[in-house]
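# Coordinate analysis (summary)
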Amino acid sequence: MTVTLEASDGVGTIRLDRPPMNALDVATQDRLRELAEEATRRDDVRAVVLYGGEKVFAAGADIKEMQAMDHTAMVVRSKALQDAFTAVARIPKPVVAAVTGYALGGGCELALCADFRIAADNAKLGQPEILLGLIPGAGGTQRLARLVGPSRAKDLIFTGRHVKAEEALTIGLVDRVVPAAEVYEQARAWAAALAKGPALALRAAKESIDAGLETDIDTGLTIERNWFAGLFATEDRERGMRSFVEEGPGKAVFL
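Quantities reported herein were computed from a predicted structural model and do not represent experimental measurements.

## A word on helix α10 (residues 217-230)
In an α-helix, one turn spans 3.6 residues, which is why side chains three or four residues apart end up on the same side. With 14 residues, α10 should cover 20 Å at 1.5 Å per step; its first-to-last C-alpha distance of 20 Å lies within 8% of that length. Where α10 begins, the capping side chain belongs to D216, and its oxygen is found 3.1 Å from the backbone nitrogen of D218.

So this is what it looks like as structure tokens:
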């Protein structure tokens, strides 16, 4: 399998495994969508780590495979490509990308689908599609601009340049830079901490933020209000408030 999902202690790791560079061919894209949907369904997965291994996250699409496609073939394939990445972005649980080595093209776009990105100090990220006479096609023009702003997104996409870890941190493309040997463990620790939290409230928070960013503020506030009120019907809310009153803040244990 080019992509696998393993779960332990509430954390599911979606692992890319297509040596040497984790090129995202059609089979890998489709498998990624399948496992994102599986992670969404599984109760034993409460948070997710995206990981490509110790040496590379993903160096992008399989160029040889794409070169053989004509316009008609890509009209058909481009929707499936975006759907695979959107399935990751819509996992209704906390998702962290553990970025090692190269995260280029589709690899960068996959990292953009996470809620949080932890990068190795030797990581390089970028959207080099312009150098092929193309633009990003798996969400890069949209998610990158929303994350780092339109001007910085245009700089990266227009030039196709690679961004080293420290610059990526400065512009907000990644959220933390750590020694390469610590990337996965730190990503897993972040996910494990959230896996112990109230699952429905975390889902509500993620959907409120993500959906709110796609609309006007009044609609966003309505989304927030509906989720906020709805959470008053959950056992987690009862447990959290009871613990706060009886034991003080931060001591609730959620199931």
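## Some words on the packing of helix α9 (residues 199-213) against α10
One can describe the packing of α9 onto α10 by two numbers: an axis separation of 9 Å at closest approach and a directional angle of 170 degrees. Taken as axis vectors, α9 and α10 run roughly antiparallel relative to one another. Contacts from L200, A204, E207, S208, A211 and G212 in α9 reach G220, I223, E224 and W227 in α10.

## Here we look at the nonpolar core
By size, the foremost hydrophobic cluster in this structure holds 61 residues, and its most contacted members are L50, F57, V99, L125 and L173. The residues contacting V99, other than those within four sequence positions of it, are F57, A111, I118, A119, A120, A123, L125 and V183.

## A closer look at the environment of R46
Position of R46 among the secondary structure elements: in the loop between α1 (26-41) and β3 (47-51). Sequence spacing of R46 and P94 is 48 residues, and the spatial spacing of their C-alpha atoms is 7.5 Å. A distance of 2.7 Å separates a polar atom in the side chain of R46 from the backbone oxygen of G197.

## As for the sheet that holds strand β8 (residues 162-164)
Pairing in this open sheet of 3 strands is mixed, and the strands run β5-β7-β8 from one edge to the other. Whereas interior strands pair on both sides, the edge strands pair on one side only; in this sheet they are β5 (102-104) and β8. The sheet shows a mean angle of 20 degrees between the axes of neighbouring strands, taken without regard to direction. The pairing of β5 with strand β7 (residues 124-126) spans 3 bridges and is parallel. Residue pairing for β7: L104 is matched across the bridge by G126.

## Re the pairing of strand β6 (residues 116-120)
With 5 of 5 residues buried, β6 is to be regarded as a mostly interior element. Burial along β6 is two-sided: F116, I118 and A120 and R117 and A119, pointing in opposite directions, are all buried. Alignment of strand β4 (residues 95-99) against β6, held across 4 bridges, turns out to be parallel. Within the sheet, the bridge partner assigned to V96 lies in β6 and is F116. When β6 meets strand β9 (residues 176-178), the two strands line up parallel, connected through 3 bridges. Paired with A119 across the bridge in β9 is V177.

## Things to note about the packing of α1 against helix α3 (residues 71-89)
Running from N to C, α1 and α3 point in directions that differ by 35 degrees, and their axes come no closer than 8 Å. Along this stretch, α1 crosses α3, giving a crossing that reads as left-handed. Touching V26, Q29, D30, L32, R33, A36 and E37 of α1 are R77, L81, D83, A84, A87 and V88, all from α3. Residues belonging to the contact of α1 with α3 are distributed by class as follows: 7 nonpolar, 1 polar and 5 charged.

## Regarding the pattern of salt bridges
Enumeration according to the criterion identifies 15 salt bridges in this entry. Note that R18 is salt-bridged to D62, the shortest N-O span being 3.2 Å. Of this pair, R18 sits in the loop between β2 (11-16) and α1 while D62 sits in the loop between β3 and α2 (63-67); the two residues are 44 residues apart in sequence, bridging distant segments of the chain. Look at R18 and you get partly exposed, because its relative accessible area is 23%. Ionic pairing is found between R42 and D44, a salt bridge with its closest N-O pair at 2.8 Å. What emerges from the salt-bridge pattern is a single network uniting R18, D25 and D62.

## Looking at the sheet that holds β4
Strand order in the open sheet formed by 6 strands is β1-β2-β3-β4-β6-β9, and the pairing between neighbours is mixed. A strand with exactly one partner marks an edge of an open sheet, and here the two such strands are β1 (3-8) and β9. Averaged over all pairs of adjacent strands, the angle between their axes in this sheet comes to 20 degrees, without regard to strand direction.

## Quick word on the packing of aromatic side chains
Taken as a whole, this structure holds 3 aromatic pairs when the rule is applied. Ring plane angle 10 degrees and centroid distance 5.0 Å describe the contact between F116 and W190, whose orientation is recorded as stacked. Here the residue F116 occupies a position in strand β6, and W190 occupies one in helix α8 (residues 183-195), the gap between them amounting to 74 residues. Considering the side-chain rings of F228 and F232, the 5.5 Å spacing of their centres and the 70 degrees angle between planes classify their relative orientation as edge-to-face. Take F228: its relative accessible area is 55%, and that puts it in the exposed class. Given a relative accessible area of 38%, F232 falls into the partly exposed group.

What counts, and where the lines are drawn
- Residues numbered from 1 in each chain as written.
- Predicted model: local features only at pLDDT ≥ 70, side-chain atom pairs only at ≥ 80, totals over all residues.
- Heavy atoms only, no water.
- Helix = DSSP H or I, 4+ residues; strand = E, 2+ residues; numbered from the N terminus.
- Expected span 1.5 Å × (residues − 1).
- Polar contact = N/O pair within 3.5 Å; in protein donor to acceptor, adjacent residues only side chain to side chain.
- Axes fitted to C-alpha atoms, helices over the stretch in contact; angles between N-to-C directions.
- Parallel < 35°, antiparallel > 145°, perpendicular 65-115°, else oblique.
- Contact = heavy atoms within 4.5 Å.
- Core = buried A, V, L, I, M, F, W, Y, C linked by side-chain atoms within 4.5 Å.
- Buried < 20%, exposed > 50% of the residue type's maximum accessible area, 1.4 Å probe, protein only.
- Pairing = 2+ DSSP bridges.
- Left-handed = near helix turned anticlockwise from the far one by under 90°.
- Nonpolar A, V, L, I, M, F, W, Y, C, P; charged D, E, K, R; others polar.
- Salt bridge = Lys/Arg side-chain N within 4 Å of Asp/Glu carboxyl O.
- Phe/Tyr/Trp six-rings, centres within 6.5 Å; stacked < 30°, edge-to-face > 60°.

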